[in-house]
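Read off the chains here:
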Amino acid sequence: MKALILVGGFGTRLRPLTLTMPKPLVEFANKPMIMHQIEALAKVGVTDVVLAVNYRPEIMERVLKEYEASCGVKIHFSLEPEPLGTAGPLKLAEDILAKDDSPFFVLNSDVTCEFPFQDLIDFHNSHGDEGTIVVTKVEEPSKYGVIVHKPNHASRIDRFVEKPVEFVGNRINAGLYMLNTSVLSRIEKNKPTSIEQETFPAIVRDGKLHSFDLEGFWMDVGQPKDFLTGTCLYLSSLAKKGSKLLASPSENYVYGGNVMVDETAKIGKNCRIGPNVVIGKNVVIGDGVRLQRCTLLPGSKVKDHAWIKSTIVGWNSTVGKWARLENVTVLGDDVTIGDEIYVNGGSVLPHKSIKANVDVPAIIM
Ligand code: GDD
Ligand code: MG
């Protein structure tokens, strides 16, 4: 089986992290975001994954080569000369996707959930039409693609409205599809095309698009606030399954559960960590540190008695003694926060050194 992951776009909403690393490589729960997807695809028998990219393939190639062998999947890079939108890349990769006549997966690279791909395959095969979209319910549907069903039909889609201005429903496109190869003949070659605005409405007009209801959590983690929420949902789902990926609640530093700690990280004395904390590779945490609802990316350092909540600490950044970070603060790569500094909702660009308090949410350049 085959899959294509849409990896383009500039990830501007996840700045300052994406100034250093392409969005799909940003570690979500200690693994590049995209590896969660590739591993789930491999599990159901996908052998070829096309990554549709339009910038910086070198770093992605380097990082993903390492993973390719371990998950037994061939990763193909399909580089767009210009951004081709969310449908154009499918046509560009037609050679691979149409290799045999079987259906293929398409994924947005920035979504997280439990990826029930086997159920999706079974459902898609059971209705026999052209495409299946995974859908989930959200409270604020206006920033997503919304689907409406045919009256009296459980799954056949009647309308697909991308980013509706007026309320049409709360069941949204989760950014995971299974499509027949016939969909490729609906897309023009070398022309930027939106799968949401053009391709899906066309399949809907022919009555050949279905929805598949997602169970469990779902989140588009393409912006910091949602990245933190998605991390909480993911860690909670691991906890429910009794996963060994979480630190044991009997560790003296774990407070409230849902804590993930890389085995290379060092944690000082008398820390209180949790709930919902991810500590990455080679992170060093001093004594008496308090962490809640945050992600510390690889190589970062938190000095004694710092207090961190709802924050992403970027790679190789340092948080000073008695510093306090909160309210969706995001530190880019190699940032230094001075001792006793307070940051409230700051988005700090790479290589900055912060020596004065940031009292109100701001971008620090
Ligand atoms: N290769 C390539 N080329 N990929 C692209 C391009 C492009 O020109 N433009 C966007 N992408 C990729 C993004 O990297 C992302 O993985 C995916 O396509 C969707 O783009 P986003 O920019 O993240 O879209 P969105 O979040 O506003 O909306 C999409 O996702 C929602 C679910 O999270 C839509 O598919 C909505 O309908 C959906 O509800
Ligand atoms: Mg998105």
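These numbers were taken from a predicted model, which means no experiment stands behind them.

### What about the overall build of the protein?
Per the secondary structure count, the protein includes seven helices and 29 strands. Relative to a compact globule of 365 residues, whose C-alpha radius of gyration would be 21 Å, the protein shows 21 Å and is just as compact. With the principal axes as the frame, the protein shows a C-alpha extent of 60 × 40 × 40 Å. Counting the 365 residues in the protein, one finds 57% classified as buried. Sequence-distant contacts in the protein: of pairs separated by 6 or more residues, those separated by 24 or more amount to 50%. Of the charged side chains in the protein, 41 are positive and 43 negative; the average position of the first set lies 4 Å away from that of the second.

### Some remarks on the coordination of the magnesium ion (ligand 2)
On the protein side, the magnesium ion (ligand 2) has Asp110 (OD) and Asp220 (OD) as donor atoms, found 2.3 Å from it. One end of the pair, Asp110, is in the loop between β6 (104-108) and β7 (111-113); the other, Asp220, is in strand β13 (residues 218-220), and 110 residues separate them in sequence. Of the two residues, Asp110 and Asp220, both sit in the buried class.

### Some words on the site of ligand 1
Gly8, Glu80, Glu162, Asn173 and Glu196 are the nearest of the 26 residues found near ligand 1. Within the backbone of Gly8, a nitrogen or oxygen atom sits 2.4 Å from an oxygen atom of ligand 1. Lys163 is positioned such that a nitrogen or oxygen atom in its side chain is 2.8 Å from an oxygen atom of ligand 1. Listing elements by their share of the shell around ligand 1, those giving two or more residues are β11 (171-179) and β13.

### A closer look at the pattern of salt bridges
For the structure on display, the rule yields 16 salt bridges. Taking the shortest distance from any N to any O, the salt bridge between Glu68 and Lys65 comes out at 3.0 Å. Here Glu68 and its partner Lys65 are both found in helix α2 (residues 57-71), three residues apart, which amounts to about one turn of the helix. Classification of Glu68 as buried rests on a relative accessible area of 12%. One network of salt bridges, with partners in common, ties together Lys65, Glu68 and Lys74.

### Remarks on the nonpolar core
Formed by 61 residues in total, the largest nonpolar core has its most connected members in Ile5, Leu41, Leu51, Phe105, Phe117 and Trp218. Once residues within four sequence positions are removed from consideration, Trp218 is found in contact with Val111, Thr112, Cys113, Thr136, Val138, Tyr144, Ile172, Asn173, Ala174 and Leu233. Listed in part, the 31 residues of the second largest apolar core include Ala247, Val302, Val335 and Val343.

### Thoughts on the UniProt feature "domain: Mannose-1-phosphate guanyltransferase C-terminal" (unreviewed entry) in the protein
If you check UniProt for "domain: Mannose-1-phosphate guanyltransferase C-terminal" (unreviewed entry), the listed places come out as residues 257-364 in our numbering. What you have in residues 257-364 is 0% helix and 45% strand, and the ends, taken at the C-alpha atoms, are 33 Å apart.

### Here's the deal with the state of the cysteines
Applying the stated criterion to the full structure yields zero disulfides. The structure places no disulfide on Cys71, whose sulfur is separated from the nearest cysteine sulfur, that of Cys113, by 17 Å. For Cys71, a relative accessible area of 17% puts it in the buried group. For Cys113, which is in no disulfide, the shortest distance to another cysteine sulfur is to Cys232 and amounts to 17 Å.

### Examining the sheet that holds strand β20 (residues 301-302)
Read across the sheet, six strands follow the order β15-β18-β20-β22-β25-β28 without closing on themselves; strand pairing throughout is parallel. If you trace the sheet from one side to the other, it starts and ends with β15 (266-267) and β28 (353-354), each paired once. Looking at chain direction, strand β22 (residues 318-319) and strand β25 (residues 336-337) are connected through two bridges and run parallel. Looking at the pairing, Val319 lines up with Ile337 of β25.

### With respect to the packing of aromatic side chains
Counted according to the given criterion, the structure contains nine aromatic pairs. Three or more aromatic residues joined by ring pairs form one cluster here, namely Phe28, Phe217, Phe227 and Tyr234.

### Description of the pairing of strand β9 (residues 145-149)
Every other side chain in a regular strand lies on the same face of the sheet, so the side chains alternate between the two faces. For β9, a buried count of four out of five residues is recorded, marking the element as mostly surrounded by other parts of the structure. In this sheet, strand β10 (residues 157-162) lies alongside β9 in antiparallel orientation, the contact comprising five bridges. Its bridge partner being in β10, Ile147 is matched across the sheet by Phe160.

### Let's talk about the confidence of the model for the protein
With 100% of its residues at a pLDDT of 70 or more, the protein shows a mean pLDDT of 94. Note on the complex model: pTM 0.92, ipTM 0.98.

Conventions used here
Residues numbered from 1 in each chain as written. Chains lettered and ligands numbered in written order. Predicted model: local features only at pLDDT ≥ 70, side-chain atom pairs only at ≥ 80, totals over all residues. Heavy atoms only, no water. Helix = DSSP H or I, 4+ residues; strand = E, 2+ residues; numbered from the N terminus. Rg over C-alpha atoms; globule rule 2.2 N^0.38 Å. Buried < 20%, exposed > 50% of the residue type's maximum accessible area, 1.4 Å probe, protein only. Contact = heavy atoms within 4.5 Å. Lys, Arg positive; Asp, Glu negative; His and termini not counted. Charge placed at Lys NZ, Arg CZ, Asp CG, Glu CD. Donors = N, O, S within 2.8 Å, 3.2 Å for Na, K, Ca; no water. Near = heavy atom within 4 Å. Polar contact = N/O pair within 3.5 Å; in protein donor to acceptor, adjacent residues only side chain to side chain. Salt bridge = Lys/Arg side-chain N within 4 Å of Asp/Glu carboxyl O. Core = buried A, V, L, I, M, F, W, Y, C linked by side-chain atoms within 4.5 Å. UniProt positions renumbered as here; feature names shortened; annotations may be inferred. Disulfide = S-S within 2.5 Å. Pairing = 2+ DSSP bridges. Phe/Tyr/Trp six-rings, centres within 6.5 Å; stacked < 30°, edge-to-face > 60°. pLDDT = per-residue confidence, 0-100.

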